[in-house]
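Chain and residue survey
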Amino acid sequence: MFIKTKKLHEGAQLPFRATSGSAGADLCACIDAEIVIEHGERRLIPTGLAVEIPAGHVGLMFARSSLGKRGISLANGVGVIDSDYRGEMGMLLINHSGEPFTVKNGDRIAQLLIIFVCAAQFTLEQDLTETGRGEGGFGSTGKK
């Protein structure tokens, strides 16, 4: 699959896979000056890129594990790029650590996965099919 990608800023880097087995393609910061994110602060980090996600698919952005180790995550958990969105991709980072976090131009911030989407329709029903689990949730299958 080829994803059409448009550079919105001269210094933008195309998404790339770090290894042949990488599921996600790394997304890099495209910024003119360093951005310092203080504890508890949220900052939008631009990529300088727009992509054309094929119909029937979605682009999902996840924070890289190296950021998670340092207390940095995407503020919304997972970024969603719908197939009809044509604007710039950006990662909304939040700093959960006790230290300021600096983002530099070209830093690998997130990873992009392209996933097939089942466009489900929802119907209103009075009853659902019973299962052995039933309504048990939030740790109900773990230790008691």
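Here, every reference points to the structure presented above.
Figured I'd write up the structure that's included with this text. Residue numbers restart at each chain and count upward from 1, following the sequence in its written direction. Side-chain atom pairs in this predicted model are given and counted only at pLDDT of 80 or more, local residue features only at pLDDT of at least 70, and totals for whole chains, interfaces and linings cover all residues. Values reported for side chains reflect all heavy atoms of the structure, with hydrogen atoms and water molecules removed beforehand.

1. Details of the sheet that holds strand β8 (residues 79-81)
Paired strands, as defined in this entry, are two strands with at least two bridges between them according to DSSP. Labels follow the DSSP assignment, with helices taken as runs of H or I lasting at least four residues and strands as runs of E lasting at least two, numbered in each case from the N terminus. Within the open sheet, the four strands sit side by side as β2-β11-β6-β8. Their pairing is antiparallel. The two strands at the open ends of the sheet, each matched to only one other strand, are β2 (25-28) and β8. Between one strand axis and the next, the sheet turns by 30 degrees as a mean value, whatever way the strands run. In this structure, strand β6 (residues 57-63) lies alongside β8, joined through three bridges in antiparallel fashion. Across the sheet, residue Met61 finds its bridge partner in β8, namely Gly79. Between N-to-C directions, angles span 0 to 180 degrees; the directions come from axes that are lines fitted to C-alpha atoms, helices contributing only their stretch in contact.

2. With respect to the nonpolar core
Membership of the largest hydrophobic core comes to 24 residues, with the highest contact counts inside it found for Ile45, Met91, Leu93, Val103 and Ile109. Only β3 (35-37), β5 (49-52), β7 (72-74), β9 (90-95), β10 (101-103) and β11 (108-116) provide two or more residues apiece to this core. Setting aside chain neighbours within four positions, we find Val103 in contact with Ala29, Ile31, Glu34, Ile35, Ile37, Ile45, Leu93 and Ile109. Among the buried residues, those of types Ala, Val, Leu, Ile, Met, Phe, Trp, Tyr and Cys that are joined through side-chain atoms within 4.5 Å form a nonpolar core. The rule is simple: take the accessible area with a 1.4 Å probe, protein chains only, and divide by the maximum for that residue type; under 20% is buried, over 50% is exposed, in between is partly exposed. Contacts are assigned to residue pairs that have any heavy atoms within 4.5 Å of one another.

3. A word on the sheet that holds β7
Reading across the sheet, the three strands line up as β4-β9-β7 and stay open at both edges, with antiparallel pairing between neighbours. Each edge of the sheet is formed by a strand with only one pairing partner; in this case those strands are β4 (42-46) and β7. Each adjacent strand pair in this sheet contributes to an overall mean axis angle of 35 degrees, direction not counted. Of the pairings in the sheet, the one linking β4 to β9 comprises five bridges and is antiparallel in character. Within the sheet, the bridge partner assigned to Arg43 lies in β9 and is Leu93.

4. Thoughts on the pattern of salt bridges
Salt bridges are defined by distance alone: a side-chain nitrogen of Lys or Arg within 4 Å of a carboxyl oxygen of Asp or Glu. Using the criterion set out here, one finds two salt bridges in the structure. We note a salt bridge from Arg64 to Asp26, for which the minimum N-O separation is 3.4 Å. On the criterion of sequence distance, the pair formed by Arg64 in the loop between β6 and α1 (65-68) and Asp26 in strand β2 is long-range, its members being 38 residues apart. Taken individually, Arg64 and Asp26 each receive the classification buried, so the pair is uniform in this respect. The shortest N-O distance in the salt bridge between Asp26 and Arg108 comes to 2.8 Å. On the criterion of sequence distance, the pair formed by Asp26 in strand β2 and Arg108 in strand β11 is long-range, its members being 82 residues apart. Here the salt bridges share partners, and the residues they tie into one network are Asp26, Arg64 and Arg108.

5. Here's the deal with the state of the cysteines
Two cysteines, two sulfur atoms, one covalent bond between them: this is a disulfide. Pairs of cysteine sulfur atoms within 2.5 Å are what we label disulfides. Enumeration according to the criterion identifies zero disulfides in this entry. Looking at Cys30, it has no disulfide partner, and the nearest cysteine sulfur is the one in Cys28, 9.4 Å off. Among the residues examined, Cys30 registers a relative accessible area of 12% and is labelled buried.

6. Comments concerning the pairing of β6
Most of β6 sits out of view: five of its seven residues are buried. Strand direction decides the pairing type here: β6 and β11, joined by seven bridges, are antiparallel. Bridge pairing links Val58 to Ile115 in β11.

7. Things to note about the side chain of His57
Along the chain, His57 turns up in strand β6. From its side chain, His57 meets the backbone oxygen of Ala55 in a polar contact 3.2 Å long. Apart from the residues within four sequence positions on either side, His57 is in contact with Met1, Ser83, Ile114, Ile115, Phe116 and Val117. A 3.5 Å cut-off defines polar contacts: any pair of N or O atoms within that distance qualifies, except that in protein one atom must be a possible hydrogen donor and the other a possible acceptor, and neighbouring residues in sequence count only when both atoms are side-chain atoms.

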